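Listed below, chain by chain, are the residues.
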Amino acid sequence: GQSLEQPSEVTAVEGAIVQINCTYQTSGFYGLSWYQQHDGGAPTFLSYNGLDGLEETGRFSSFLSRSDSYGYLLLQELQMKDSASYFCAVSRGSASKIIFGSGTRLSIRP
Amino acid sequence: DVKVTQSSRYLVKRTGEKVFLECVQDMDHENMFWYRQDPGLGLRLIYFSYDVKMKEKGDIPEGYSVSREKKERFSLILESASTNQTSMYLCASSQGTSRGYEQYFGPGTRLTVT
């Protein structure tokens with residue numbers, strides 16, 4: 001079968017750093033993506049890891065370890081606007097065929 | 001900017017009705033997808049299409065069908081709506097290349113079946 005595991009909720013303080021972990025089990029693993037969704041909004045693409053290692057995009061970084069079937073999203077210098085749900089998503093067989101995790105709700109407090 | 005539009009933001013239908021949800025994208029993307037999103041379950045793939053008239057079942061296709069007659073348009077059909085199909089429906093599109101992991105989503109249709 002296939003599964004993705006990520007924490008359901010995370011709380012952090014404004015200005016701090018938070019890491020959201022994702023572990024997966026799937027055949028035909030191709031890559032790991034991260035999406036952000038604000039309440040009432042549509043998911044938006046944040047990052048993609050096709051190879052092991054760290055990808056950095058501004059305040060956000062994403063990491064992948066294929067051997068451990070594990071990845072994480074790192075958010076630095078947290079801002080109140082980062083309060084949202086974050087989904088990890090696995091591409092299987094090709095870049096386009098994606099399954100999503102159940103999401104992590106990130107709450108930021110002042 | 002890629003734009004994905006969905007025909008309705010909110011829809012209320014009765015049990016047994018036939019329901020059509022329409023999605024249009026304006027970036028000439030090869031791939032189009034229909035998901036449903038329910039609290040605590042994330043996004044679950046219903047169907048996807050990688051070309052005109054081509055479709056593949058996702059993880060939860062039961063009770064749904066799709067149609068893609070033109071590249072820019074992908075329709076989701078509920079042949080006989082049931083209350084367990086009350087959900088948020090999201091359409092997405094992506095390139096048919098190695099960047100296919102970057103999906104662009106529409107605003108969603110919140111469907112209530114009574």
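Position labels on residues start from 1 in each chain and follow its written sequence. Chain letters and ligand numbers both follow the written order, the letters beginning at A and the numbers at 1. Local features in this predicted model are restricted to residues whose pLDDT is 70 or higher, and side-chain atom pairs enter the listing and the counts only when it is 80 or higher, whereas totals over whole chains, interfaces and linings include all residues. Each side-chain value is derived from all of the structure's non-hydrogen atoms; neither hydrogens nor water enter the calculation.

**Structural notes on the nonpolar core**
All names here are of chain A. We define the nonpolar core as a collection of buried residues of types Ala, Val, Leu, Ile, Met, Phe, Trp, Tyr and Cys that are connected through side-chain atoms lying within 4.5 Å of one another. For the exposure calls, accessible area comes from a 1.4 Å probe over protein chains only, and a residue counts as buried if that area is under 20% of its type's maximum, exposed if over 50%, partly exposed in between. Judged by nonpolar contacts, the single largest core of 23 residues is most densely connected at Leu32, Trp34, Leu75, Tyr86 and Leu106. Only runs of H or I of at least four residues qualify as helices and only runs of E of at least two qualify as strands under DSSP, and these elements are numbered from the N terminus. Mapped onto this core, the elements with two or more residues apiece are β2 (9-13), β3 (18-25), β4 (29-37), β7 (60-65), β8 (70-75), β9 (84-92) and β11 (104-109). Contact criterion: two residues are considered in contact whenever any of their non-hydrogen atoms come within 4.5 Å of each other. Every residue in contact with Leu75, bar those within four places of it in the chain, is listed here: Ala16, Ile17, Val18, Ile20, Arg59, Phe60, Asp82, Tyr86 and Leu106.

**Focus on the pairing of β8(A)**
Residues and elements named next belong to chain A. Along β8, five of the six residues are buried, which leaves the element largely enclosed by surrounding structure. Should DSSP find at least two bridges between two strands, the strands are regarded as paired. As paired strands, β3 and β8 are joined by six bridges and run antiparallel to one another. Each bridged residue has a counterpart across the sheet, and for Ile20 the counterpart in β8 is Leu73. In this structure, β7 lies alongside β8, joined through six bridges in antiparallel fashion. Paired with Phe60 across the strands is Leu75, a residue of β8. In textbook terms, the turn of a hairpin is the stretch between consecutive antiparallel strands, and for β7 and β8 this stretch comprises four residues, one of which, Ser69, has a positive phi near 50 degrees.

**Some details on the sheet that holds strand β6 (residues 53-57) of chain A**
Residue and element names in this part refer to chain A. Here we have five strands laid out as an open sheet, ordered β1-β3-β8-β7-β6, and antiparallel in their pairing. Looking at the sheet topology across the chains shown, the edges are occupied by β1 (3-5) and β6. Within this sheet the neighbouring strands show an average axis-to-axis angle of 15 degrees, counted without direction. As a rule, the C-alpha atoms of each element are fitted with a line to give its axis, helices using only the stretch in contact, and angles between N-to-C directions run from 0 to 180 degrees.

**Focus on the environment of Thr26(A)**
All names here are of chain A. Tracing the backbone through its elements, the reader meets Thr26 in the loop between β3 and β4. A relative accessible area of 18% means that Thr26 is categorised as buried. Thr26 sits 64 residues away from Val90 along the chain, and the two C-alpha atoms are 8.1 Å apart.

**Focus on the pattern of salt bridges**
Residue and element names in this part refer to chain B. Here a salt bridge means any side-chain nitrogen of Lys or Arg lying within 4 Å of a carboxyl oxygen belonging to Asp or Glu. With the rule as written, the count across this model stands at 12 salt bridges over all chains. Among the ionic pairs, Asp38 bridges to Arg36, the shortest N-O distance being 2.9 Å. Between Arg44 and Asp38 there is a salt bridge whose closest N-O contact spans 2.8 Å. Judged by relative accessible area, Arg44 falls into the partly exposed class, the value being 26%.

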